[in-house]
Structure formats: C-alpha cells, structure tokens
Amino acid sequence: MNQEDYDTEEAYEAEASAGEDDAEATRRAAGEAESSRASRGWWDRNADEYQSDHGAFLGDDRFVWGPEGLDEAEAGLLGPASSLKGLDVLEIGAGAAQCSRWLAAQGARPVALDLSHRQLQHALRIGDDVPLVEADAGRLPFRDGSFDLACSAYGAVPFVADPVNVMREVHRVLRPGGRWVFSVTHPIRWAFPDEPGPEGLSVAASYFDRTPYVEQDEQGRAVYVEHHRTLGDRVRDVVAGGFRLLDLVEPEWPAWNGQEWGGWSPLRGNLIPGTAIFVCERG
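Residues numbered from 1 in each chain as written. Predicted model: local features only at pLDDT ≥ 70, side-chain atom pairs only at ≥ 80, totals over all residues. Heavy atoms only, no water.

Visitor: What is the right way to look at the side chain of arginine 282 in this model?
Guide: Assignment of secondary structure puts arginine 282 in strand 10 (residues 275–282). Buried and unpaired, arginine 282 has no salt bridge, with aspartate 144 as the nearest side chain of opposite charge at 7.2 Å. In terms of polar contacts, arginine 282 uses its side chain to reach the backbone carbonyl oxygen of histidine 171, at 2.8 Å. (Helix = DSSP H or I, 4+ residues; strand = E, 2+ residues; numbered from the N terminus. Buried < 20%, exposed > 50% of the residue type's maximum accessible area, 1.4 Å probe, protein only. Lys, Arg positive; Asp, Glu negative; His and termini not counted. Salt bridge = Lys/Arg side-chain N within 4 Å of Asp/Glu carboxyl O. Polar contact = N/O pair within 3.5 Å; in protein donor to acceptor, adjacent residues only side chain to side chain.)

Take a look at the structure:
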C-alpha cells in the first residue's frame, strides 16, 4: 500500500466511524473489496465492545464454536485433542486468538490470523504466546502446504463476497489430507428476523434471497457487510474449493446456556438451529 492509498483508507475509516451510529440497514450487492474494507473497519471499531461483552463466555484459552457454547474439547471436530500435538494449525478470523491459545495448550503450533488490527491487539493484551498475522482470508500470506489443520469459528467466511476463493486459499496452504473446519450462522436464520425473542420466530424473508445484508453510511458506503449462502450453496462452495465434506454439525442449544447473544437465545435455540459447522478434508 502506497502513501496515497493509506491516506485514502485513513480518511474512509474516519468518515465511516463518524457515520456508523446513523448507519442504514439495507439489502444490496457488495463486492469483494467493499466487503473486506467494511469488515476491517467494523471490527476495528467494535473489537473493544465485542471482547467486553463476550470475553467472559469465550474465555482466554477456550475453543468455542458458536453462541451455543459447543466446546472443541468435547466435540473433537479437529480430531482428538491428543492428536493435535505437534501439528501446524491456522486459525482464520481469530479475533483475540482464544481458540489458538487452546490449541497451543494441546501441544499444537497455531497461527492466529485476522483482518482486524484491533482484534489482534486484544490477542496481545491476553498474551503473546501465539503468533499473530494481520491479513485477508482471501489472500493468505503463507506458502503452499504450510499447515496440517485450519479452523475458523465464525471468522471471515460469513463476511466475504467470494467464499470459494477463501476455500481455495485454505486448500492451498493445507497439506494433503488436512482438515478444515469452520462455523457460520446457520443459513436458515436468514429467513427470520435477527431477534432473540418471539418476534424472531416468524419467517420474514425468503431463505433463497442471497442479497447481502449491508449497513451503510449517509454516503452509501458500507460499514458492515454480511453475505448469505443457502446450506446447499455452502456445500457447493466447499466442494468447489477442493474439499470433501465429512460432516455438517448443527449444535443444539444446551440447558446450561441461558445467555442471549444478538439473535441467539435459549428460546430460538431450542426451536431452530443457529450455527452450522462444516467439517472438511483436503482432497
């Protein structure tokens, strides 16, 4: 990035931050560059609040797949914990690197990657025991075949315009037979309002409408973008990226979890799935 590009980005981020409180929610097209820029800016601005609100639930060194609280220590979606020792693991959309820290405790050699500089600052605040990389999931800065495993708990995949490109990049940096496990909002949730109460139980939109959800400022520039894919789309994305789908996990809401997290809640979680976890293997 040259100085002119840097200055342009700085100006954009300053304006986006100023207008975020007045952001308008809409459904419209959003390309790769706009989605990436919006995601970086949004997470940089909201990382403090996110970690404050959810840090206790996520812990400093737990591997939680989503708001339901499914823990990798129990689920073993990456393989038995005892099998992780000595493996090179890439966490994509790592946030404060909680999952990577758990992996390191099992003897793995994780690298935590995130687009947001501020999220990675929170990773440093918790501890400097995991290598951190600031980069876009669609352009992974690693050599071919660098990792044995890759994982992402609600990171990157829901926010990119071209998920197949991410799949192919993950495929490229994995070694043959490497496992790729990622969680996203369950696609069925897109048909319902994003509300934790009874109002979130009635279908309000077409499940098949793939138009991205965009929050934009007064100038029409995106400050937040999330992309919808149907369950079938996600499966086809995995296959197009060169992976075999081994399992599709839809965690049930556990009795012990009484929290509300955005549109996730015990009420909704007991009736409709909120998270989809794709367990894939590199071909």
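Visitor: Help me understand the sheet that holds strand 9 (residues 243–249) in this model?
Guide: Where strands meet in a sheet, backbone hydrogen bonds hold them as pairs that are either parallel or antiparallel. A sheet is described by the order of its strands in space; here seven strands give the open sequence 4-3-2-5-6-10-9, paired in mixed fashion. In this open sheet, the two edge strands, each paired with only one partner strand, are strand 4 (132–134) and strand 9. Strand-to-strand, the axes of this sheet are offset by a mean angle of 20°, without reference to chain direction. (Pairing = 2+ DSSP bridges. Axes fitted to C-alpha atoms, helices over the stretch in contact; angles between N-to-C directions.)

Visitor: Help me understand the environment of tryptophan 102, please; the structure alone is not making it clear to me.
Guide: Relative to the elements of secondary structure, tryptophan 102 occurs in helix 4 (residues 98–105). Given the relative accessible area of 10%, tryptophan 102 is considered buried. Setting aside residues no more than four positions away along its own chain, tryptophan 102 makes contact with Asp61, Arg62, Phe63, Glu72, Ala73, Ala81 and Leu84. (Contact = heavy atoms within 4.5 Å.)

Visitor: Would you mind showing me how to read the pattern of salt bridges here?
Guide: Two side chains with opposite charge may pair up if their charged atoms get near one another. Going through the model one piece at a time under the given rule, you end up with 16 salt bridges. In this structure, aspartate 209 engages arginine 27 in a salt bridge whose closest nitrogen and oxygen atoms are separated by 3.9 Å. Separated by 182 residues along the polypeptide, aspartate 209 in the loop between strand 6 (174–185) and strand 7 (213–216) and arginine 27 in strand 1 (residues 24–27) bring together distant segments of the chain. Its salt-bridge partner being aspartate 48, residue arginine 118 comes within 2.7 Å of it at the nearest N-O pair. Of this pair, arginine 118 sits in helix 5 (residues 117–126) while aspartate 48 sits in helix 2 (residues 32–58); the two residues are 70 residues apart in sequence, bridging distant segments of the chain. Taking relative accessible area as the criterion, arginine 118 reaches 30% and is therefore assigned partly exposed. Shared partners join several salt bridges into a network, and the residues in it are Asp88, Arg109, Asp148 and Arg175.

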